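Fold and geometry: a report
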Amino acid sequence: PIRHRRRGNDKSPAQSSDIDPKLKFLVMGILDCFGTFFTAMGAVYTPGVFQTLLNQTLIPCTMFFSYLILRSRYNLVQMSGALVIFLGAAVTILPAIFSETDRASKQFRWYACLIYFFSNVPM
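Structural notes, computed from the coordinates. Fair warning: this is a prediction, and the values are worked out from it, not measured in the lab.

How each quantity is defined
- Residues numbered from 1 in each chain as written.
- Predicted model: local features only at pLDDT ≥ 70, side-chain atom pairs only at ≥ 80, totals over all residues.
- Heavy atoms only, no water.
- Helix = DSSP H or I, 4+ residues; strand = E, 2+ residues; numbered from the N terminus.
- Expected span 1.5 Å × (residues − 1).
- Bend = angle between axes of the 7 residues up to and from the residue.
- Buried < 20%, exposed > 50% of the residue type's maximum accessible area, 1.4 Å probe, protein only.
- Contact = heavy atoms within 4.5 Å.
- Phe/Tyr/Trp six-rings, centres within 6.5 Å; stacked < 30°, edge-to-face > 60°.
- Patch = residues over 30% accessible without salt bridge, like charges linked within 9 Å, V, L, I, M, F, W, Y side chains within 5 Å.
- Areas by Shrake-Rupley, 256 points an atom, 1.4 Å probe, with all protein chains shown as cover.
- Salt bridge = Lys/Arg side-chain N within 4 Å of Asp/Glu carboxyl O.
- Axes fitted to C-alpha atoms, helices over the stretch in contact; angles between N-to-C directions.
- Parallel < 35°, antiparallel > 145°, perpendicular 65-115°, else oblique.
- Nonpolar A, V, L, I, M, F, W, Y, C, P; charged D, E, K, R; others polar.

1. A look at helix H4 (residues 76–98)
The end-to-end C-alpha separation of H4 is 32 Å, in line with the 33 Å expected for 23 residues at 1.5 Å each. Its axis deflected by about 25 degrees at Thr92, H4 carries its strongest bend there, up to four residues before the proline Pro95. Considered for burial, the residues of H4 that qualify are Ala82, Ala89, Ile93 and Ala96. Residues of H4 that are buried make contact with helix H2 (48–56), helix H3 (58–70) and helix H5 (110–118).

Below is the structure:
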């Protein structure tokens, strides 16, 4: 059989990176580990209703960090949707943080909600 050889660089752009692929997977694994750790630490004193809302803020967080790191661009509709998600979570959770009588449960701690929210950052 005749084999055709490509001219120039035989590597695809993904393969031509100077960073070892194993190192990329190590970094992703460490970030996932931190995300899971923050979720486990914050979930203890964060009510289940708030956990669901805080999980939804992963979308705006992902958009923000992809803008910073990857220079991704979003249109107005996409940014509006992310803003609605973030504001919806804030409107629901902030009254419980600042009001002593309006708590979702007696086990609620404001710092636990913050830790649970920060689990979105490494993810």
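Next, the rest of the story.
2. Digging into the packing of aromatic side chains
A complete count under the given rule lists seven aromatic pairs for this structure. Centre to centre, the rings of Phe50 and Phe108 are 5.6 Å apart; their planes meet at 75 degrees, and the pair counts as edge-to-face. Separated by 58 residues along the polypeptide, Phe50 in helix H2 and Phe108 in the loop between H4 and H5 bring together distant segments of the chain. Judged by its relative accessible area of 3%, Phe108 falls in the buried class. With a centroid separation of 5.9 Å and 50 degrees between ring planes, the pair formed by Phe117 and Phe118 is classed as tilted.

3. Re a nonpolar patch on the surface
Judged by side-chain polarity, Ile19, Leu23, Leu26, Val27, Ile30, Leu31 and Phe34 come together as a nonpolar surface patch covering roughly 610 Å² of accessible area. Take Leu31: it is sitting in helix H1 (residues 21–43).

4. What to know about unusual backbone geometry
Positive phi, close to 60 degrees, is recorded for Arg71, a residue that is not glycine. As for its placement among the helices and strands, Arg71 is situated in the loop between H3 and H4. Looking at Arg71, the relative accessible area reads 54%, which means it is exposed.

5. A closer look at the side chain of Thr57
For Thr57, the position within the fold is in the loop between H2 and H3. Classification of Thr57 as buried rests on a relative accessible area of 1%. The contact partners of Thr57, leaving out residues within four places of it in the chain, are Ile85, Phe86, Ala89, Phe117 and Asn120.

6. Considerations on the packing of H2 against H3
The geometry of H2 relative to H3 is characterised by a closest axis approach of 4 Å and an angle of 25 degrees between their N-to-C directions. When the interaxial angle is binned, H2 and H3 end up roughly parallel. When H2 is examined against H3, the residues Leu54, Asn55 and Gln56 are found in contact with a partner set consisting of Leu58, Ile59 and Pro60. Of the residues assigned to the contact of H2 with H3, the class counts are four nonpolar, two polar and no charged.

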